[in-house]
Amino acid sequence: MISFLKDLLQTPEAQRDPHYWASVYGGHAYIALGPWGIIAIGLDMWTAAWLTPLLYFIVWEGAQWLLLKKRTCPLLWDGILDTVSVAFACYAASLLGNGYQLASVWCWGASVGVMLTGVRARS
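Residues numbered from 1 in each chain as written. Predicted model: local features only at pLDDT ≥ 70, side-chain atom pairs only at ≥ 80, totals over all residues. Heavy atoms only, no water.

Draft legend 1. A look at the nonpolar core. Residues Ala32, Trp36, Ala48, Val86 and Cys90 are the most contacted members of the largest nonpolar core, which totals 13 residues. Those elements that provide at least two residues to this core are α2 (18-42), α3 (45-67) and α4 (73-97). In terms of residue count, α2 provides more of this core than any other element does, 5 residues in total. Residue contacts for Ala32: discarding those within four places in its chain leaves Thr52, Val86, Ala89 and Cys90. Counting 8 residues, the second largest nonpolar core, distinct from the first, contains Trp21, Ala22, Phe88 and Cys107. (Core = buried A, V, L, I, M, F, W, Y, C linked by side-chain atoms within 4.5 Å. Buried < 20%, exposed > 50% of the residue type's maximum accessible area, 1.4 Å probe, protein only. Helix = DSSP H or I, 4+ residues; strand = E, 2+ residues; numbered from the N terminus. Contact = heavy atoms within 4.5 Å.)

This is the structure we're talking about:
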């Protein structure tokens, strides 16, 4: 578990490999569904869809930012991209949970589009 957390805390410079980057991007989406589900049970799916990415960006990415010795623009963009992955997963889950299957597929497709663009940029 500790090794997994260390991998997530790596800088974007350590994620130059396109396949590694894609797996981390997809991992953020997968992990986001846990907090989204907890918030959705307590409140509702749409509130969870916007609250989960916001909390993720403030708490997780904010903690990473504070722990860094050298803060650079690529690190900020890496945090924003991670949050985009979290947001797409939460929105797709909310759409699916509310009966909007086609919109959920389009949301997932947009997330894959971001992933493919990131892979192409690193290839």
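Draft legend 2. Structural context of the layout of surface pockets. Taken as a whole, the largest pocket encloses approximately 260 Å³ of empty space. If you trace the largest pocket, you find 11 residues lining it, with Ile31, Ala32, Pro35, Tyr56 and Trp60 closest to the centre. Listing elements by their share of the lining of the largest pocket, those giving two or more residues are α2 and α3. It is α2 that contributes the most residues to the lining of the largest pocket, 5 residues altogether. Considering only residue class, the lining of the largest pocket consists of 9 nonpolar, 2 polar and no charged. Counted as a void, the second largest pocket has a volume near 190 Å³. Forming the walls of the second largest pocket are 15 residues, and the residues nearest its centre are Ala29, Ala89, Ala92, Trp108 and Ser111. Those elements giving two or more residues to the lining of the second largest pocket turn out to be α2, α4 and α5 (101-122). Looking at the lining of the second largest pocket, its residues break down into 12 nonpolar, 3 polar and no charged. (1 Å grid on protein atoms, 1.4 Å probe; cavity = no way out; pocket = protein on both sides within 12 Å on 5 of 7 lines; lining within 4 Å. Points joined across faces, edges and corners; volume = space filled by probe spheres on them. Nonpolar A, V, L, I, M, F, W, Y, C, P; charged D, E, K, R; others polar.)

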